[in-house]
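Residue-level listing of the chains:
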Amino acid sequence: MVYGPALQTEDGNFNGMQASKQHIHQLEEILGKANIPFNPVGNAMTQGNAQLEGFEVYLSQQGMPSFSFGTPITGTHSIIELAHEGDLYYTFKGDQAFLKADWKP
């Protein structure tokens with residue numbers, strides 16, 4: 001594990017679409033050119049999975065490929081949530097690199 005944002009893709013088992021390999025590769029190239037470390041997290045989700053929540057799932061259900069990209073948090077929704085300052089910093093820099101990049105849909 002390295003400092004930096006987590007990149008998670010969905011598998012599309014809920015009548016939506018997953019982000020294509022080209023989209024993920026393009027994001028990895030953007031982050032690589034900006035020297036942003038990140039944590040790839042694969043996640044095979046199924047229809048009965050309780051984690052089927054969130055905006056990326058809504059977008060996917062509408063037919064838009066989606067992925068999650070953000071600061072990893074320890075103890076999410078608990079009394080004490082922890083985030084490392086390195087993760088926050090590189091997520092901020094990764095967002096900047098993404099917004100400045102020439103994204104090809």
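**Details of the overall build of the protein**
Right, so step 1: On a plain count of helices and strands, the protein comes out with three helices and three strands.
Right, so step 2: Helices and strands in the protein line up, N terminus first, as β-α-β-α-β-α.
Right, so step 3: In the protein, which comprises 105 residues, the share counted as buried stands at 30%.
Right, so step 4: Residue pairs at least 24 apart in sequence account for 77% of intrachain contacts in the protein once pairs closer than 6 positions are excluded.

**So, the nonpolar core**
Right, so step 1: Residues Leu7, Ala19, Ile24, Leu27, Leu31, Ile36 and Phe38 constitute the largest nonpolar core, which totals seven residues.
Right, so step 2: Top contributing element to this core by residue count: helix H1 (residues 21-33), with three residues.
Right, so step 3: Residues within four places of isoleucine 24 in sequence aside, it is in contact with Leu7, Thr9, Ala19 and Phe67.

**Comments concerning H1**
Right, so step 1: Across its 13 residues, H1 extends 18 Å between first and last C-alpha, which sits within 8% of the 18 Å expected from 1.5 Å per residue.
Right, so step 2: Listed in full, the buried residues belonging to H1 are His23, Ile24, Gln26, Leu27, Ile30 and Leu31. Viewed end-on, H1 has its buried residues packed into an arc of 160 degrees, placing them on one side of the element. Pointing more than 90 degrees away from the buried face of H1 are the exposed residues Lys21, Gln22 and Lys33.
Right, so step 3: At its buried positions, H1 is contacted by strand E1 (6-9), strand E3 (67-70) and helix H3 (85-100).
Right, so step 4: Count one or two residues on from H1 and you reach asparagine 35, which has phi positive near 55 degrees.

**As for a nonpolar patch on the surface**
Right, so step 1: On the surface, a cluster of nonpolar side chains totalling about 390 Å² of accessible area is made up of Ile79, Ile80 and Leu82.
Right, so step 2: Of note, isoleucine 80 is situated in the loop between E3 and H3.
Right, so step 3: Exposure remark for isoleucine 80: the relative accessible area of 60% places this residue in the exposed category.

**Notes on the packing of aromatic side chains**
Each aromatic ring pair is specified by the distance between its two centres and by the angle formed by the two planes.
Right, so step 1: A full pass over the atoms with the stated rule returns one aromatic pair.
Right, so step 2: With a centroid separation of 5.2 Å and an interplanar angle of 75 degrees, the aromatic rings of tyrosine 89 and tyrosine 90 are classed as edge-to-face.
Right, so step 3: Classification of tyrosine 90 as partly exposed rests on a relative accessible area of 25%.

**Quick look at the environment of asparagine 39**
Right, so step 1: Mapped onto the elements of the fold, asparagine 39 is located in strand E2 (residues 39-42).
Right, so step 2: You can call asparagine 39 buried: its relative accessible area is 6%.
Right, so step 3: The spatial distance from the C-alpha of asparagine 39 to the C-alpha of proline 5 is 6.1 Å, given a sequence separation of 34 residues.
Right, so step 4: At 3.3 Å, the side chain of asparagine 39 forms a polar contact with the backbone oxygen of glycine 4.

**Topic: unusual backbone geometry**
Right, so step 1: Unusually for a residue other than glycine, asparagine 35 sits at a positive phi of about 55 degrees.
Right, so step 2: With respect to the helices, strands and loops of the structure, asparagine 35 is situated in the loop between H1 and E2.

Calculation notes
Residues numbered from 1 in each chain as written. Predicted model: local features only at pLDDT ≥ 70, side-chain atom pairs only at ≥ 80, totals over all residues. Heavy atoms only, no water. Helix = DSSP H or I, 4+ residues; strand = E, 2+ residues; numbered from the N terminus. Buried < 20%, exposed > 50% of the residue type's maximum accessible area, 1.4 Å probe, protein only. Contact = heavy atoms within 4.5 Å. Core = buried A, V, L, I, M, F, W, Y, C linked by side-chain atoms within 4.5 Å. Expected span 1.5 Å × (residues − 1). Arc of directions from axis to C-beta. Patch = residues over 30% accessible without salt bridge, like charges linked within 9 Å, V, L, I, M, F, W, Y side chains within 5 Å. Areas by Shrake-Rupley, 256 points an atom, 1.4 Å probe, with all protein chains shown as cover. Salt bridge = Lys/Arg side-chain N within 4 Å of Asp/Glu carboxyl O. Phe/Tyr/Trp six-rings, centres within 6.5 Å; stacked < 30°, edge-to-face > 60°. Polar contact = N/O pair within 3.5 Å; in protein donor to acceptor, adjacent residues only side chain to side chain.

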